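Listed below are the residues making up each chain.
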Amino acid sequence: MTNPKPIRHRAPVRALHGDGTTCTHRQPRRRDEQPNPECPGRTGYTATCSAGDFTLTNGIRAYVEEQASYHARTTNEPKVTR
Ligand SMILES: [Zn+2]
Ligand SMILES: [Zn+2]
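Here we summarise the structure given alongside this text. (Residues numbered from 1 in each chain as written. Chains lettered and ligands numbered in written order. Predicted model: local features only at pLDDT ≥ 70, side-chain atom pairs only at ≥ 80, totals over all residues.)

The subject of this paragraph is the overall build of the protein. The number of helices and strands found in the protein is one helix and four strands. If you list the helices and strands of the protein from N to C, you get β-β-β-β-α. Taking 82 residues into account, the globule formula puts the C-alpha radius of gyration at 12 Å, and the protein, at 17 Å, lies well above it. Residues counted as buried form 9% of the 82 residues belonging to the protein. Of all intrachain contacts in the protein linking residues separated by at least 6 positions in sequence, the fraction that spans at least 24 positions is 51%. (Helix = DSSP H or I, 4+ residues; strand = E, 2+ residues; numbered from the N terminus. Rg over C-alpha atoms; globule rule 2.2 N^0.38 Å. Buried ≥ 20, exposed ≤ 12 C-beta atoms within 10 Å, placed from the backbone. Contact = placed C-beta atoms within 7 Å.)

Structure (structure tokens):
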């Protein structure tokens, strides 16, 4: 076939600002810490697969992480033959 290299599916989760840009600001670890003044605020999270077949945006980080890791796990699964 013409595709000898298997595609690795990886969908890293990124935090988003309200205008859709990626948030790389440091976030406070504890609730009583001041929020980062440089950050306009995170409004959601997004994951896009490196193979381009999966994109998810949601306000709940755990949900995006779960779906992204599920996608990577299921699409990278080697074909087992016994
Ligand atoms: Zn994928
Ligand atoms: Zn930010």
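On we go.
Ala11, Tyr45, Ala47, Val64, Ala68 and Ala72 form the largest nonpolar core, which has six residues in total. Counting only elements with at least two residues in this core, the list comes to β3 (42-48) and α1 (61-75). If you tally residues by element for this core, the top one is α1, at three residues. Those residues in contact with Ala47, other than ones at most four positions away along the chain, are Ala11, Pro12, Val13, Leu56, Val64 and Ala68. (Core = buried A, V, L, I, M, F, W, Y, C linked by C-beta atoms within 7 Å.)

Turning our attention to α1. Look at α1: 21 Å from first C-alpha to last across 15 residues, which is about the 21 Å you get at 1.5 Å a residue. Taken as a whole, α1 has its buried residues at Val64, Ala68, His71 and Ala72. Relative to the axis of α1, the buried residues are bounded by an arc of 95° and lie together on one face. What points out from α1, more than 90 degrees from its buried face, is the exposed set Ala62, Tyr63, Tyr70, Arg73 and Thr74. On its buried face, α1 is in contact with β1 (13-17), β3 and β4 (55-58). (Expected span 1.5 Å × (residues − 1). Arc of directions from axis to C-beta.)

With that settled, consider the sheet that holds β3. Strands sit in the order β2-β1-β3-β4 across an open sheet of four strands; the sheet is antiparallel. The sheet is open, and its two borders are formed by β2 (22-23) and β4, each paired with just one other strand. (Pairing = 2+ DSSP bridges.)

By themselves, these figures tell us nothing about what the structure is for.
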